[in-house]
Amino acid sequence: MKIDNEYKELAWQGLWKNNPGLVQLLGLCPLLAVTSTITNALGLGLATLLVLVGSNATVSYIRNWVPKEIRIPIFVLIIAAFVTVVQLLMNAFTYGLYQSLGIFLPLIVTNCAIIGRAEAYASKNPLKQSCFDGLMMGLGFTAVLVVLGGMREILGQGTLFDGADLLLGSWASSLRIEVFHLDSQFLLAILPPGAFIGMGLLIALKNVIDEKQKEKQPEVSPESIERVRVKFD
Amino acid sequence: MKVAITKNAKILALFAIACTAVVGLVHESTKSRIQRQEQAQLISTLQQIVPTHLHDNDMSTHCVKVTDPLLGTTEQQTVYLGTMADKPSSLAITSVAPDGYNGNIHIISAFDTAGNLTGMRVLKHKETPGLGDKVEVRKSDWALSFAGKSAQDIASPSWLVKKDGGFIDQFTGATITPRAVVKAVKNAANYVNEHQITLYKQTNSCEQTQ
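If you're wondering where the values come from, they're calculated on a predicted model, not measured in any experiment.

1. A short note on the overall build of chain B
Right, so step 1: Along chain B, the regular secondary structure elements total three helices and five strands.
Right, so step 2: Going from N to C terminus, chain B has its helices and strands arranged as α-β-β-β-β-β-α-α.
Right, so step 3: Sequence-distant contacts, at least 24 apart, represent 53% of the contacts inside chain B between residues at least 6 apart.

2. Some points on the interface of chain A and chain B
Right, so step 1: The interface of chain A with chain B comprises 22 residues on the first partner and 19 residues on the second.
Right, so step 2: Looking at the side of chain A that touches chain B, the elements that each hand over two or more residues are helix H4 (71-93) and helix H9 (187-190) of chain A.
Right, so step 3: Classifying every residue of the side of chain A that touches chain B by side-chain character gives 15 nonpolar, six polar and one charged.

3. Here's the deal with the nonpolar core
Right, so step 1: Counting residues in hydrophobic clusters, the biggest one holds 53 residues, and the most contacted among them are Ala47(A), Val51(A), Ile78(A) and Phe82(A).
Right, so step 2: Of all the secondary structure elements, the ones that give two or more residues to this core are helix H3 (38-61), H4, helix H5 (95-101), helix H6 (112-120), helix H7 (127-157), helix H8 (164-168) and helix H10 (192-216) of chain A together with helix H1 (2-49) of chain B.
Right, so step 3: If we skip the residues at most four places from it in the chain, Ile78(A) touches Ser55(A), Thr58(A), Val59(A) and Cys19(B).
Right, so step 4: The next biggest cluster of nonpolar side chains, apart from the first, holds 41 residues, and it includes Ile49(B), Met59(B), Ile168(B) and Ala180(B).

4. What to know about the sheet that holds strand E1 (residues 63-68) of chain B
Residue and element names in this part refer to chain B.
Right, so step 1: Read across the open sheet, the five strands follow the order E1-E2-E3-E4-E5; overall the sheet is antiparallel. Two strands lie at the open edges of the sheet, namely E1 and strand E5 (117-124), each paired on one side alone. Here the average twist between neighbouring strands, direction ignored, is 25°.
Right, so step 2: Of the strand pairs in this sheet, strand E3 (residues 87-100) and strand E4 (residues 103-112) are connected by nine bridges, and their pairing is antiparallel. Paired with Ile93 across the two strands is Ser109, which belongs to E4.
Right, so step 3: Relative to E3, helix H3 (residues 176-199) is tilted by about 145°, and along the sheet it contacts E1, strand E2 (73-84), E3, E4 and E5.

5. Structural notes on unusual backbone geometry
Right, so step 1: Although it is not a glycine, Leu25(A) adopts a positive phi angle of roughly 50°.
Right, so step 2: A tally of 14 C-beta atoms within 10 Å means that Leu25(A) is categorised as partly exposed.

6. Brief notes about H3(A)
Right, so step 1: Between its first and last C-alpha, H3(A) extends 34 Å over 24 residues, near the 34 Å set by a 1.5 Å rise per residue.
Right, so step 2: With 21 of 24 residues buried, H3(A) lies mostly within the body of the structure.

7. Points about the pairing of E2(B)
Residue and element names in this part refer to chain B.
Right, so step 1: One ladder, built from five bridges, connects E1 with E2; its direction is antiparallel. The partner of Val66 across the bridge, within E2, is Gln77.
Right, so step 2: Linking E1 back to E2 in an antiparallel pair, the connection comprises four residues, with Gly72 at a positive phi of about 85°.
Right, so step 3: Note: E2 against E3, six bridges, orientation antiparallel. Its bridge partner being in E3, Leu81 is matched across the sheet by Leu91.

8. Some details on the confidence of the model for chain A
Right, so step 1: Averaged over all residues, the pLDDT of chain A equals 84, while 89% of them reach at least 70.
Right, so step 2: Confidence, expressed as mean pLDDT per element, reaches its minimum in chain A at H8(A) with 72 and its maximum at H4(A) with 92.

9. A word on the environment of Trp12(A)
Right, so step 1: Checked against the element boundaries, Trp12(A) lands in helix H1 (residues 2-17).
Right, so step 2: The spacing of Trp12(A) and Ala41(A) is 29 residues in sequence and 22 Å in space, taken between C-alpha atoms.

Rules behind the numbers
- Residues numbered from 1 in each chain as written.
- Chains lettered and ligands numbered in written order.
- Predicted model: local features only at pLDDT ≥ 70, side-chain atom pairs only at ≥ 80, totals over all residues.
- Helix = DSSP H or I, 4+ residues; strand = E, 2+ residues; numbered from the N terminus.
- Contact = placed C-beta atoms within 7 Å.
- Nonpolar A, V, L, I, M, F, W, Y, C, P; charged D, E, K, R; others polar.
- Core = buried A, V, L, I, M, F, W, Y, C linked by C-beta atoms within 7 Å.
- Buried ≥ 20, exposed ≤ 12 C-beta atoms within 10 Å, placed from the backbone.
- Pairing = 2+ DSSP bridges.
- Axes fitted to C-alpha atoms, helices over the stretch in contact; angles between N-to-C directions.
- Expected span 1.5 Å × (residues − 1).
- pLDDT = per-residue confidence, 0-100.

Now the structure itself:
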């Protein structure tokens, strides 16, 4: 029962309360840059997820052997190795997507969300929980990417899943949905400012939901604190 | 203190070796697949811009490296040579349009022996999404309109976008990008006309993969 609660808490933290994209605002560079289509967003999200789970697992596994003073270089080394591996795999198996993600794939190395989780969680917790934490944080990040990507793609190009075959193979080209036809694209949504505005809207939306949630819950009356005055005579 | 340094250095070194080993292993096992992917993409691009009746060899494995100011860059560019019954029949040349709206635009243009353009594709660019990126075939048909332009068309002084008084359609929203591409194609054509014969005499620098 206790362990169940722990996992639930981890999931809640990663997906909502402490979401790396919406709350911690980590990894903004790839988040804003590649979310012009849902396919790119999903691709980068999955790559980040893989790296996050891998690095969390490794860091947690070796946490007792790593001297405190050199843990950061070691974490960076591990993360860089995982990113390179993911990059090579994507280059080999999803070549088109690899090309369209471009520089943002190697930039996962510097995604603060990853080293942040390694340092703050995985280096202090057992393997299973660390993997789960990586998975949830990664899913939270991917979800933000996908929602933002979907928003920008609909507004900018009027499509969804354009180019999904690059990620999932040729069968996926049938996933492409033309939501509405645009004679000229709504540029703002595709360009970086659109990413910032979209991101701002998402954060605002999350805050509104949180507020509503708070209002619904009955106000927990603050326990009265007894103050003890000690008089020194 | 010295002990701590040696100990930590050793641990760090161990991790470095382990990480490098993992990366090395994955690199080794994906290398051939990555190469095949790149080769496959090259072949499919070449097939799109060089009609099959213009060559009977595998152009992707017969190429020479060249550098020339006309190709828009100081970097080496590649010329893929097509032959028909071992006689020169067509070639595809990569080049750079240095004056794109947002940096270099890498293109590949294919010519037959008479200097007629059989096709052109943009390989790599950083143009504005939604405006300049219509040079990509994925986004618009513009690049297809280059196929079949004759040597006279290219040589003519009105080989310009319409906005500059020429006869090449530009696309809505961007002038600088198509202008840069149009100019780069002309330069590539000039280079090819000058060097066509010597190109076939150079040694092949694309290794046979099989």
